[in-house]
Number of protein chains: 2
Amino acid sequence: MLYSSQHLETLIGCLARLPGIGVKTAQRLGFHLLRVPDENARDLANAILRVRDEVGTCLTCGNVSETQPCYICRDDKRDLSLLCVVEQPGDVVVLERTGAFKGLYHVLRGSLSPLDGAGPEEIGLQALIDRVRKERFQEVVVATNPTPQGEATAHLIRSLLEGHPVQVTRIARGVPMGSDLELFDQATLTRSLEGRKEL
Amino acid sequence: MLYSSQHLETLIGCLARLPGIGVKTAQRLGFHLLRVPDENARDLANAILRVRDEVGTCLTCGNVSETQPCYICRDDKRDLSLLCVVEQPGDVVVLERTGAFKGLYHVLRGSLSPLDGAGPEEIGLQALIDRVRKERFQEVVVATNPTPQGEATAHLIRSLLEGHPVQVTRIARGVPMGSDLELFDQATLTRSLEGRKEL
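In short, a report on the structure. (Residues numbered from 1 in each chain as written. Chains lettered and ligands numbered in written order. Predicted model: local features only at pLDDT ≥ 70, side-chain atom pairs only at ≥ 80, totals over all residues. Heavy atoms only, no water.)

**Topic: the interface of chain A and chain B**
How big an interface is tends to be expressed through the accessible area that disappears when the partners come together. Short version of the rule: Contacts are assigned to residue pairs that have any heavy atoms within 4.5 Å of one another. Defined here as a combined quantity, buried area equals the accessible surface (1.4 Å probe) lost by two parts on assembly, summed across both. Here a salt bridge means any side-chain nitrogen of Lys or Arg lying within 4 Å of a carboxyl oxygen belonging to Asp or Glu. We call two N or O atoms a polar contact when they sit within 3.5 Å, provided that within protein one can donate a hydrogen and the other can accept it, with sequence-adjacent residues counted only if both atoms are side-chain atoms.
Taken together, the contact between chain A and chain B spans 58 residues of the former and 58 residues of the latter. When chain A packs against chain B, the two sides together hide about 5400 Å² of surface, and 65% of this comes from carbon and sulfur. Viewed at the interface, chain B and chain A are joined by six salt bridges. Between Arg17(B) and Asp43(A) there is a salt bridge; the shortest N-O distance is 3.9 Å. Joining chain A to chain B, the criterion identifies 26 residue pairs in polar contact (both at pLDDT 80 or more).

**Considerations on helix H5 (residues 125–134) of chain B**
All names here are of chain B. Operational definition: Accessibility here uses a 1.4 Å probe with only protein chains present; expressed as a share of the type maximum, an area under 20% marks a residue as buried, one over 50% as exposed, and anything in between as partly exposed. Helical segments are the DSSP runs of H or I of at least four residues, strand segments are the runs of E of at least two, and each set is numbered from the N terminus. This arc corresponds to the set of directions leading from the helix axis out to the C-beta atoms.
What H5 keeps buried is the set Leu125, Leu128, Ile129, Arg131 and Val132. Seen along its axis, H5 keeps its buried residues to an arc of 160°; they face one direction. Where the residues of H5 are buried, they touch strand E3 (82–86), strand E4 (104–107), strand E5 (139–142) and helix H6 (148–160).

**A few points about the packing of aromatic side chains**
The geometry of an aromatic ring pair is captured by the separation of the ring centres together with the interplanar angle, meaning the angle of the planes. Residue and element names in this part refer to chain A. This is how the line gets drawn: Centres within 6.5 Å make a pair out of two Phe, Tyr or Trp rings, where for Trp the six-membered ring is used; the pair is then stacked when the planes are under 30 degrees apart, edge-to-face when over 60, and tilted otherwise. Any Lys NZ or Arg CZ found within 6 Å of a ring centre and within 35 degrees of that ring's normal is scored as a charge over the ring.
Counted by the stated rule, this structure contains two aromatic pairs over all chains. Centroid distance Phe101 to Tyr105: 5.2 Å. Interplanar angle 55°. Geometry classified as tilted. With respect to burial, Phe101 and Tyr105 carry one shared label: buried. Between the NZ or CZ atom of Arg74 and the centre of the ring of Tyr71, over which it lies, the distance is 5.0 Å.

**Structural notes on the sheet that holds E5(B)**
Residues and elements named next belong to chain B. Here is the rule: Only strands that DSSP links by at least two bridges are regarded as paired with each other. Fitting a line to C-alpha atoms yields each axis, with helices limited to the stretch in contact; the angle taken between N-to-C directions then spans 0 to 180 degrees.
With respect to topology, four strands assemble into an open sheet ordered E4-E3-E5-E6, the strand pairing being parallel. Because the sheet does not close on itself, it has two edges, and the strands there are E4 and strand E6 (167–170). Going from strand to strand, the sheet's axes swing by 25° on average, the running direction of each strand aside. The pairing of E3 with E4 spans four bridges and is classified as parallel. Paired with Cys84 across the two strands is Tyr105, which belongs to E4. On the sheet, helix H4 (residues 89–98) packs against E3 and E4 and is oriented at approximately 155° with respect to E4. Contacting E3, E4 and E5, H5 crosses the sheet at an angle of about 155° to E4.

**Some remarks on unusual backbone geometry**
Pro69(A) follows Gln68(A) through a cis peptide bond whose omega is -10°. Within the secondary structure, Pro69(A) sits in the loop between strand E2 (64–65) and strand E3 (82–86).

As structure tokens, this is what we get:
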């Protein structure tokens, strides 16, 4: 037996099941949680339990939330004419971090991937279309990932909203800031040329 | 506000306080804990709480344990004539993993570091000496780290046990297996020459 404590061994086993956490890191974290002030360890345990007990899905936007609607949907400083569509809750966080978007969000359940059984129904496209038809957005910004699945999702959203008086836009795809042109593939460079703007 | 859920934000904050876990990893883990089967997340939370509630220190060897004595101290397949001294509980784990040591352990509370206020009393040297005088070990293997602090601790242990009928040994210091001589410093290479053995 590697550990002198069965409870510690169990904890390290649970930590090692987390993504990106190997056995060595799990061991370091396990001993750390044993050593830190009691409060720090309990705060973490209780935060996990609270998230599982209380966090669900915002019925308006599909984002994770313990309130109905979520903090973002009921924030009255938001621009109600703009809706940004993303694949998952984590995408909202990265976009919020930019501070560049002040509208509302709609969170799908992933992107179209028929081979994995993810059709329009499974990813919640109908709820998005219903919402856009009901509310008065002037623009829907489709911010699904620049992957084949994300692009297919974006195209389907555009066709489903055809005829509805709303502008459907797609986030710019091109070369990332701070990068080197020669690092990128043909598709990225082609997009970056097609999307060129006057200086 | 970055997150649509206050509870999720709290959880990610707790995760980001763990050593080696940055904000991005904490965010990934937070969303992961929200998504995994309920049981997995609760097992982790409960394992943290159980470790804090029930794991203490083995009064015999100083290792972490929820029983008195710990699993290793009461394992009757152990060689009672051998005692290995280490700086911290994690060191027992790495030594156990080798399968090369079948004796008992004594876990200090770190190593001598007078500038940080860690003298012989603080690191629990007296308990070690008392234990060695009381029990019938034939050999005490000092496996403190090969750092100035660990070396000083090893030397003090040897002098405190002077006159007592026990062999005090030190783990070999030299070049690690699978490495390249030119990567190592003078001190390591000197040790490795001094500690040479007949082939």
